Protein chains: 2
Amino acid sequence: MEKIVLTLFAALGFVPALVQQAAAQVDPLPSWNDGAAKKSIIEFVARVTKKGGADFVPPAERIAVFDNDGTLWAEQPFYFQGLFVFDRVHALAPQHPDWKDKQPFKAVLDNDMKTLAAAGQHGLVELVMATHAGMTTEEFELTVKDWLATARHPKFKRAYTDLVYQPMLELLSYLRANVFKTYIVSGGGIEFVRTFSEKVYGIPPEQVIGSSILTKFEVRNGRPVLVREPKLDFIDDKEGKPVGINKFIGRRPIAAFGNSDGDFQMLEWVTAGTGPRFGLIIHHDDAEREFAYDRVSAAGKLDRGLDEAPKRGWTLVSMKNDWKRVFAFEKK
Amino acid sequence: MEKIVLTLFAALGFVPALVQQAAAQVDPLPSWNDGAAKKSIIEFVARVTKKGGADFVPPAERIAVFDNDGTLWAEQPFYFQGLFVFDRVHALAPQHPDWKDKQPFKAVLDNDMKTLAAAGQHGLVELVMATHAGMTTEEFELTVKDWLATARHPKFKRAYTDLVYQPMLELLSYLRANVFKTYIVSGGGIEFVRTFSEKVYGIPPEQVIGSSILTKFEVRNGRPVLVREPKLDFIDDKEGKPVGINKFIGRRPIAAFGNSDGDFQMLEWVTAGTGPRFGLIIHHDDAEREFAYDRVSAAGKLDRGLDEAPKRGWTLVSMKNDWKRVFAFEKK
């Protein structure tokens, strides 16, 4: 009973001395090595939650936004949703005999990544429309869930949802225990990420922001449905991220977490607000446990952020040095 | 202490027998007359919150959506945001000398409502763009707040935010006390409604869905801002309401509250889901305390909903008969 009451107090933002003492004794981020990155996180959380402190932030304003690809789960050899697209093209090919001779579909069916890369953004959008539209939202959700349950990552031979970063799961829990509301702000598809965000990250669908295509309300045989249309609605990347956050949340978060230049404007906008602010960029520099890439990667390119993080006061995380382990499935 | 602990339990969805007893003794909807409408609300809430009951709904799925104009606050003689537009045209006219001879601006400046009505939807959009775009999101917020603080309703001579329906405020509180998450789904502008939703309804900005224009990220003198552009982004009305709900929330609410045919598809989609569902339409039939209008009104037209509510099992509320009082400022 004592414990339940204390938990309830904490959930509502009251942190009695007893709870604070207990918290000090248990490491909330056990998969993080002691160092400047971990220290910066813990000091920020202590600052904004200290009642009566100069930097206290009321619980309702404790909003933290997280990029998904490369920040919460891996994104190599290519964005996982991109791999889903390729798998769907293969699966749907029998119903589209013309794809055998039609680019960019032919490149996918031939596993010809060079031609595919040459098709660029335009080619990718065409593939997305062919695989993400033309069905109801419910049908799309089932297709994604089925893929996530069966597809395996080419390097790790595991489900994609196993490739989430253990240190980031701990960080999400730590922030929520300190009455932060945690959001995903992904360049990936909003309805794609929502199929697993609650189960994998503890983030409910209404706290997921992402790119979208248009949907249309229809009544089919007396039953109302939402049909996904092959038209872009919103690209939640780069300059789009602050726009998406403002649209969905309507106030500026106080902390932002990313890993690529696609997150630059989100960090820039979040950390430009008044009062205490926190920005963090994850640097993928661990070829052994995960992947090493930054300035020239096709997925998750990090160039400007690497140069500007120090002078903007953003924490730069080295996966190799700051994380005790990357994935939960690693041997400790 | 006892009371705090019970409140905390309730907030997390535990409702011990003691609290249930206490709740049974206090009327949660004192401004509602006893009758079929009030009974239907209370029975629905009891059904979905009864632990172990066949219709129990977990707290995370207890989402209720409310139209704003005509459902939470008044909408006559015209949508309040429309009246804001007209006031802004008057205020900005000195900077736009051409408006004196240019429709639809001239009609507003001449208070010529007949010409304005003839300009239709297209004319209204032009007025909205001229008054809602070309500034940062922060500048727009200040303009709306200033207007709400000073403008007065033509009939009631009160601030527009006084014209919220007391029975609906009680309903919002009652649902939240039963661990519902309450959302606004308005045909009005999302950034307009967000300026007062938290203070007036207890609904935070991230739980407001509405119509929007595009915003653009810009860095001005080293400071990142979001600039409102004169381009439509989304119309959150009629077929747009289920689309907006799906986009922002990502799951289907279990209860929907509206007052006009603009809310029809929202109620249709919400009540077509599996499990217990609740739909309610407010009928403005009280010319004495508020306004009486339905099938032929320029704002809040209710025609199809009036015909179909009974056969669809939606509760139809008569403001005249079901509400003890309409506004908080009325003498009891």
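Up top is the structure.
A quick note: this is a predicted structure, and the numbers were derived from the prediction, not measured.

Calculation rules
Residue numbers here run from 1 along each chain, matching the order of that chain's written sequence. Both sets of labels track the order of writing: A upward for chains, 1 upward for ligands. With the structure being a predicted model, the display of local features is reserved for residues of pLDDT at least 70 and the display and counting of side-chain atom pairs for 80 or more, all residues being used for whole-chain, interface and lining totals. Side-chain metrics in this entry use all non-hydrogen atoms of the structure; hydrogen atoms and water are not considered. We define a salt bridge as a side-chain nitrogen of Lys or Arg found within 4 Å of a carboxyl oxygen belonging to Asp or Glu. Burial here depends on accessible area, computed with a 1.4 Å probe over protein chains only, as a share of the maximum for the residue type. Under 20% is buried, over 50% is exposed, and the range in between is partly exposed. What sets the superposition is a least-squares fit of C-alpha atoms, and only residues with pLDDT of at least 70 in both copies go into it. For this analysis, residues touch if any pair of their heavy atoms sits within 4.5 Å. In this scheme, strands are said to pair when DSSP sees at least two bridges between them. Comment: elements are numbered from the N terminus, with helices defined as DSSP H or I runs of at least four residues and strands as E runs of at least two. Between the N-to-C directions of two axes lies an angle of 0 to 180 degrees, each axis being a line fitted to C-alpha atoms and, for a helix, fitted only over the stretch in contact. Multiplying 1.5 Å by the residue count of a helix minus one yields the expected span of that helix. Note that bend, as reported per residue, equals the angle between axes fitted to the 7 residues terminating at that residue and the 7 residues originating from it. Think of a polar contact as two N or O atoms within 3.5 Å of one another; within protein, one of them needs to be a possible hydrogen donor and the other a possible acceptor, and neighboring residues in sequence only count if both atoms come from side chains. Oblique is the label for any angle not under 35 degrees, not over 145, and not in the 65 to 115 range, which are roughly parallel, roughly antiparallel and roughly perpendicular in turn. We call Asp, Glu, Lys and Arg charged. Ala, Val, Leu, Ile, Met, Phe, Trp, Tyr, Cys and Pro are nonpolar, and the rest, Gly among them, are polar. Residues enter a nonpolar core if they are buried and are Ala, Val, Leu, Ile, Met, Phe, Trp, Tyr or Cys, with the set joined through side-chain atoms within 4.5 Å. The term buried area denotes the loss of accessible surface (1.4 Å probe radius) that occurs when two parts are joined, taken as the sum for both partners.

1. Comments concerning the pattern of salt bridges
Under the defined criterion, the tally for this structure stands at 54 salt bridges over all chains. For Lys38(B), the salt bridge goes to Asp34(B), with nearest N and O atoms at 3.4 Å. By relative accessible area, which is 71% here, Asp34(B) ends up exposed. Taking the shortest distance from any N to any O, the salt bridge between Asp55(B) and Arg47(B) comes out at 2.5 Å. Residue class for Asp55(B) comes out partly exposed when judged on its relative accessible area of 25%. Of the residues examined, Arg47(B) reaches a relative accessible area of 38% and is grouped as partly exposed. One connected set of salt bridges, linked through shared partners, spans Lys181(A), Arg251(A), Glu198(B) and Glu206(B).

2. What about the relation of the copies chain A and chain B?
Mapping chain A onto chain B calls for a rotation angle of 180° and an axial translation of 0.0 Å; the resulting RMSD is 0.0 Å. As the rotation angle and translation indicate, the two copies are arranged about a two-fold axis. A shared interface surface links the copies, since 100% of the contact residues of chain A are contact residues in chain B too.

3. Structural notes on the sheet that holds strand S2 (residues 181-189) of chain B
Here we have seven strands laid out as an open sheet, ordered S4-S3-S2-S1-S5-S6-S7 (chain B), and mixed in their pairing. With partners counted over all chains shown, the strands left at the sheet margins are strand S4 (223-234) and strand S7 (315-318) of chain B, one partner each. Across the sheet, the mean angle from the axis of one strand to that of its neighbour is 30°, orientation sign disregarded. By the bridge criterion, three bridges tie S2(B) to strand S3 (residues 208-220) of chain B in an arrangement that is parallel. Each residue of the ladder has a partner; that of Gly189(B), found in S3(B), is Ser211(B). Helix H12 (residues 264-271) of chain A contacts S3 and S4 of chain B of the sheet and is inclined by roughly 95° relative to S3(B).

4. Observations regarding helix H6 (residues 113-132) of chain A
Residues and elements named next belong to chain A. In a regular helix each residue adds 1.5 Å, so 20 residues correspond to 28 Å; H6 covers only 21 Å between its end C-alpha atoms and thus falls short of that length. Helix geometry: H6 is bent most strongly at Gly120, by close to 105°. Regarding H6, the residues found buried are Leu116, Gly123, Leu127, Met129, Thr131 and His132. Directly beyond the C-terminal end of H6, a positive phi value near 90° is found at Gly134.

5. Overview of the side chain of Arg252(B)
On the secondary structure map, Arg252(B) appears in the loop between helix H11 (240-248) and strand S5 (255-258). Of the residues examined, Arg252(B) reaches a relative accessible area of 19% and is grouped as buried. Here the side chain of Arg252(B) touches Glu138(A) through a polar contact of 3.0 Å, side chain to side chain. Separated by 2.8 Å, the side chain of Arg252(B) and the backbone oxygen of Trp269(B) make a polar contact. Arg252(B) has contacts with Glu138(A), Trp269(B), Val270(B), Ala272(B), Gly273(B) and Arg277(B), leaving out every residue within four places of it along the chain.

6. Topic: the packing of helix H4 (residues 80-92) of chain B against helix H7 (residues 137-150) of chain B
Residues and elements named next belong to chain B. Between H4 and H7, the least distance of the axes is 11 Å, while the angle of their chain directions is 100°. When the axes of H4 and H7 are compared, the pair comes out roughly perpendicular. Along its contact with H4, which presents Phe80, Leu83, Phe84, Asp87 and Arg88, the element H7 presents Phe140, Thr143, Val144 and Trp147. A breakdown of the residues in the contact of H4 with H7 according to their chemical character gives six nonpolar, one polar and two charged.

7. With respect to the pairing of strand S1 (residues 63-66) of chain B
Residues and elements named next belong to chain B. What you see with S1 is no split at all: Ile63 and Val65 on one side and Ala64 and Phe66 on the other are buried throughout. Note: S1 against S2, four bridges, orientation parallel. Paired with Ala64 across the strands is Thr182, a residue of S2. The sheet contact formed by S1 and S5 spans three bridges and is parallel.

8. Overview of unusual backbone geometry
Residue Pro77(A) follows Gln76(A) across a cis peptide bond; omega there is 5°. Here Pro77(A) shows up in the loop between strand S1 (63-66) and helix H4 (80-92). In the segment running from Gln103(B) into Pro104(B), the intervening peptide bond is cis, with an omega of 0°. You can see Pro104(B) is positioned in the loop between H4 and helix H5 (105-109). Even without a glycine there, the phi angle at Asn221(A) is positive, about 50°. With respect to the secondary-structure elements, Asn221(A) resides in the loop between strand S3 (208-220) and strand S4 (223-234).

9. Digging into helix H13 (residues 304-312) of chain A
All names here are of chain A. Every buried residue of H13 is accounted for by Gly305, Leu306, Glu308 and Ala309. Where the residues of H13 are buried, they touch H12, strand S6 (278-283) and strand S7 (315-318). Just beyond H13, the residue with positive phi is Gly313, at close to 75°.

10. Brief notes about the nonpolar core
Note on soluble globular proteins: their nonpolar side chains tend to be buried together. Met168(A), Leu171(A), Tyr201(A), Phe257(A) and Leu171(B) are the most contacted members of the largest nonpolar core, which totals 179 residues. Leave out the neighbours within four places in its chain, and Phe257(A) touches Ala64(A), Val65(A), Phe66(A), Asp67(A), Thr71(A), Met168(A), Leu171(A), Leu175(A), Met266(A), Leu267(A), Phe278(A) and Leu280(A).

11. As for the interface of chain A and chain B
Across the boundary between the two partners, chain A contributes 39 residues, which contact 39 residues of chain B. Here chain A meets chain B over a buried area of about 3,400 Å², counting both sides, of which 59% is carbon and sulfur. Applying the counting rule to chain A against chain B returns ten salt bridges. Measuring nitrogen to oxygen at the nearest pair gives 3.1 Å for the salt bridge that ties Asp233(A) to Lys247(B). Going through the elements one at a time, helix H1 (2-11), helix H7 (137-150), strand S2 (181-189), helix H9 (190-194), S3, S4, helix H11 (240-248) and H12 of chain A are the ones with two or more residues in the side of chain A that touches chain B. The residue inventory of the side of chain A that touches chain B, partitioned by class, reads 20 nonpolar, six polar and 13 charged.

12. Comments concerning the sheet that holds S6(A)
Residues and elements named next belong to chain A. The seven strands lie next to each other as S4-S3-S2-S1-S5-S6-S7, forming an open sheet whose pairing is mixed. Each end of this open sheet is capped by a strand with a single partner; those strands are S4 and S7. Taking the axes of each pair of neighbouring strands and ignoring which way they run, one obtains an average angle of 30° across the sheet. Where S3 and S4 come together, eight bridges link them in antiparallel fashion.

13. Focus on the environment of Gly134(A)
Looking at the element boundaries, Gly134(A) is found in the loop between H6 and H7. The sequence separation of Gly134(A) and Glu229(A) amounts to 95 residues, and the corresponding C-alpha distance is 5.8 Å.

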